[in-house]
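So you can see what is in the structure, the chains are spelled out below.
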Amino acid sequence: MTVLSLFLPCAAGVEDFLADEVHGLTGLSGHDLLTVRGGVRVQADWATMLRLNLMSRLAQRVLIELAHAPHRDEHDLYHLAHGVAWEDWFAPRQTFRVDITAQASSVRSLNFAALRIKDAVADRFRQQAGGVRPSVDTHTPQVRVQAHLGPEAATLYIDTSGEPLFKRGWRQNKGDAPLKETLAAAMLAASGWWQPAERRVSALPLYDPACGSGTIAIEAAQLVLGLPAGGQRRFAFEQLKLFDASAWNAIKAEAKKAVSSGAESDNDAQHPAVRIFGSDVAHRMVDFAQRNAERAGVAHALQLRGGDALQRLPPSPTPGVILMNPPYGERIAAAGVAGVGRQGGREAFLSGTLSRERAAGSAMGEAEVNAGDEFFAQLAAHWKSHYDGWTAWLLTPDLKLPGRMRLKASRRVPMWNGPIECRLLRFDLVARTSSTPTTPPG
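Criteria and cut-off values
- Residues numbered from 1 in each chain as written.
- Predicted model: local features only at pLDDT ≥ 70, side-chain atom pairs only at ≥ 80, totals over all residues.
- Heavy atoms only, no water.
- Pairing = 2+ DSSP bridges.
- Helix = DSSP H or I, 4+ residues; strand = E, 2+ residues; numbered from the N terminus.
- Axes fitted to C-alpha atoms, helices over the stretch in contact; angles between N-to-C directions.
- Contact = heavy atoms within 4.5 Å.
- Salt bridge = Lys/Arg side-chain N within 4 Å of Asp/Glu carboxyl O.
- Buried < 20%, exposed > 50% of the residue type's maximum accessible area, 1.4 Å probe, protein only.

1. A closer look at the sheet that holds strand β11 (residues 206-208)
Strand order in this open sheet of seven strands is β13-β12-β11-β14-β15-β17-β16, and the pairing throughout is mixed. This sheet does not close on itself; its edge strands, each paired only once, are β13 (302-306) and β16 (411-417). Within the sheet, the average angular offset between the axes of one strand and its neighbour, ignoring direction, is 20°. Relative to strand β17 (residues 420-428), β16 is paired through seven bridges, and the arrangement is antiparallel. Across the sheet, W416 pairs through a bridge with E421, a residue of β17. Taken strand by strand, helix α5 (residues 181-190) contacts β11, β14 (321-324), β15 (391-396), β16 and β17, and its axis lies near 170° from that of β16. Of the strands in this sheet, β11, β12 (276-280), β13 and β14 touch helix α6 (residues 215-225), which is tilted by about 170° from β12.

Shown next as structure tokens:
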């Protein structure tokens, strides 16, 4: 058995959750599973690599490390890449591309560094394959080479995933700035509704009152049914020389068998068939979410409705978990319209990150600021009136949001939404009473 050095990158703040997921999927621990900045490192075999691609909901990619050495300039990168036996991984008739990232590297041009690595790969093939070399395809390559340059050392990988793993294969309908599937899964893990180390999901209802194209609800429903994250897509490892179609089909068959047993257990009395709910003020987005759910194979396991987040009553008689990615930054679509009033409708709403946008030169006025504050204040009041016993989790870049909502956050989990630093805030909702203060003490 050949042991591979794998690196699974993830969004900042998700590393521990990803390590839990990898442990739950593989049983690996100790030196075989290390949490590092920006991802996890795994020592595993080829079959485990296949399984991680198919099953992981939190990793962005699965990379195989091929070389690691100190570097000072682009010439060092050329020699490092030229020493890799690329001919063992793919054929000279295939296409490839080189992607490069850097952190405090001494190289002056990443484009030139990538070019030197590309030249090294091509020259290696010319020498080993009788003058034949692979062609470069920057759009749809069959093979992707990844390079990361640190302050002192460079690392070369071959990408076994191809398209990023958040592209599950079911999303065709989407709105503006849709939530990535990997971030939705991270929110489910951080809230505790999904426990990746134990491969368990909560029996509590889950509700997203601003579901957009349905990402959170669909991820949750796939977890309930045991569906593999990558069950509807292709992977770059299918183009590599080591790929064995029979072994891959066996792994997919194993995952399919787990789905069947998971679906059966989901129909018992303790796990009702539908405990995942979503709604959105825009009926167009609900239609998008419904079509995505059908393609994802979970339409029967969730319920999607149109409705204003400031007016919708609990979708379940049993208190559960609200998981919400409210609009902020570029996401200018409101979760509800009641808080906006007559200041331009749904498209005029922006949330509490307005001060950051204005500092960057955005021409947004006090109307939108007040609309955002009013929306969140009304949302909190609605929850206090109707969602007693529920736990609400909101993803936001606005550190002052609890004050705007007049609620106290019991947890703040750091999380990044692309380039935006956020917090996943937890609010334990209690019904408003005559003795309940309208503003937090102090």
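2. A word on the environment of L227
Relative to the elements of secondary structure, L227 occurs in the loop between α6 and α7 (245-265). The sequence separation of L227 and M55 amounts to 172 residues, and the corresponding C-alpha distance is 8.4 Å. Excluding its chain neighbours within four sequence positions, the residues that come into contact with L227 are R57, Q222, V259, A296, G297 and V298.

3. With respect to the pattern of salt bridges
One pass over the full model with this rule turns up 19 salt bridges. Of the charged contacts in the structure, one is a salt bridge between E163 and R144, with a shortest N-O distance of 3.4 Å. One end of the pair, E163, is in the loop between β8 (153-159) and α5; the other, R144, is in strand β7 (residues 143-149), and 19 residues separate them in sequence. Judged by its relative accessible area of 10%, R144 is buried. Sharing partners across several salt bridges, the network here consists of R57, R168 and E219.

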